[in-house]
Amino acid sequence: MGIIVNLSPLLIGWILDLMFGDPARLPHPVVWFGKTITRLEHLLNKGSNRKIKGALVSVFLIFGTFAVTWLFLNLISSVWWLDIAVQSILVFYCLAGTTLIREVRMTFAAVDESLESGRRQVGRIVGRDTSGLSAQEIRTAALETLAENLSDGVIAPLFWYAVLGVPGMMAYKMVNTLDSMIGYRNSRYKDFGCVAARIDDVANYIPARLTAFLMVMVSGRLSLLRFVGKYGSQHLSPNSGYPEAALAGILDCRFGGPHDYFGENVDKPFIGERPRDFISNDVTKAICINRRTEIITILLTVGVRLSVLLLSRMVEYF
């Protein structure tokens, strides 16, 4: 029974994500995270010592999320079916693979209908100003997001599940939500959100590189690892460039370049060597790479958790 309780929530939660994606009509922990962050930011992001206040908020919310999740799961652990159900739902909430793929597909379909439709649709998944994007820039933005968020929305949560279980997965989602809301270098957030951004960099350091490696592996072109090594570090983010470089190599294209964020022009380095127009086959291939990478990571995560469980049983026995 212990092995079933330990492993089934991951598989059930993943299958639920494959079937439904993000549950738009159900209460979502990330929404609660966002509301909490917004309230604390409005309350504390003013006056002096903003960096210290932002750091305390970030650390409190991350460790608080881990502790509350851990305590609650321990409280219900004696009721095995309830334990499985709650953990499965939390895993489901933490994974975003299906929703990401759905949004990217919709972006490619929308831009084929009209430029304005494409701009509106891609605006749902990117933080840049989309009002002046061309059709090619819309497709590029969608594919960049597909690669980057494969790490943030799928591989990193699974990595932290493998390391720290569901509480670690939930804590990572808080880290990621903090970074997406206050981890910007503009005048409003550069002090208050700087620690949140650095924590996110640390939390994603291994997952981003693991994502890129697995993407290259499932593509069957291990020679692209040199390409990833060349371009992955050229991104302004210490992590995002690696999965983007992997996809750029697989698609033989170029990502990056100047973008507008919150009214400020950001000149991102180019990732890749061949500027070209994207076609529908490109998004199909990219989605296939995402799904294969996701499946491999699920298998690896199950293997790690099973190994830890068996090792702990052996230690208890001896």
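Summary of the structure given here. What you are looking at is a predicted structure, and each value in this text was computed from that prediction instead of being measured. (Residues numbered from 1 in each chain as written. Predicted model: local features only at pLDDT ≥ 70, side-chain atom pairs only at ≥ 80, totals over all residues. Heavy atoms only, no water.)

Here we look at unusual backbone geometry
- One non-glycine residue, N49, lies in the positive phi region at around 55 degrees.
- Following the sequence through the fold, N49 ends up in the loop between α2 (29-44) and α3 (50-76).
- Of note, the phi angle at D252 is positive, near 55 degrees, even though the residue is not glycine.
- Inspection of the secondary structure assignment puts D252 in the loop between α10 (241-251) and β1 (254-261).
- Residue classification places D252 among the partly exposed positions, given a relative accessible area of 42%. (Helix = DSSP H or I, 4+ residues; strand = E, 2+ residues; numbered from the N terminus. Buried < 20%, exposed > 50% of the residue type's maximum accessible area, 1.4 Å probe, protein only.)

As for the environment of C94
- Structurally, the position occupied by C94 is in helix α4 (residues 80-94).
- Considering only alpha carbons, one finds C94 and K230, 136 residues apart in sequence, at a separation of 31 Å.
- Excluding its chain neighbours within four sequence positions, the residues that come into contact with C94 are G153, P157, M169, M170 and K173. (Contact = heavy atoms within 4.5 Å.)

So, α3
- Helix length check: α3 (27 residues) gives 39 Å between terminal C-alpha atoms against 39 Å at 1.5 Å per residue, within 8%.
- Among the residues making up α3, those that are buried are G54, A55, V57, S58, L61, I62, T65, T69, L73 and I76.
- The elements touched by buried residues of α3 are α2, α4, α7 (135-182) and α8 (194-219). (Expected span 1.5 Å × (residues − 1).)

Section: the packing of aromatic side chains
- All told, the structure shown has five aromatic pairs when counted by the stated rule.
- Ring geometry for Y184 and Y189: centres 6.2 Å apart, planes at 45 degrees, overall tilted.
- Given the relative accessible area of 13%, Y189 is considered buried.
- Above the face of the Y205 ring, R209 is positioned so that its terminal group lies 3.6 Å from the ring centre. (Phe/Tyr/Trp six-rings, centres within 6.5 Å; stacked < 30°, edge-to-face > 60°. Lys NZ or Arg CZ within 6 Å of the ring centre and 35° of its normal.)

Details of the nonpolar core
- Counting residues in hydrophobic clusters, the biggest one holds 74 residues, and the most contacted among them are V104, V122, L143, L146, L178, L247 and F255.
- Broken down by element, the residue count for this core peaks at 21 residues, all from α7.
- Once residues lying within four places of it in the same chain are set aside, the contact partners of V122 are T107, T130, L133, I138, A141 and A142. (Core = buried A, V, L, I, M, F, W, Y, C linked by side-chain atoms within 4.5 Å.)

Here we look at a nonpolar patch on the surface
- On the surface, L11, I15, L18, M19 and F20 cluster together to form a nonpolar patch covering roughly 450 Å² of accessible area.
- The topology assignment puts L18 in helix α1 (residues 2-20).
- Residue classification places L18 among the partly exposed positions, given a relative accessible area of 33%. (Patch = residues over 30% accessible without salt bridge, like charges linked within 9 Å, V, L, I, M, F, W, Y side chains within 5 Å. Areas by Shrake-Rupley, 256 points an atom, 1.4 Å probe, with all protein chains shown as cover. Salt bridge = Lys/Arg side-chain N within 4 Å of Asp/Glu carboxyl O.)

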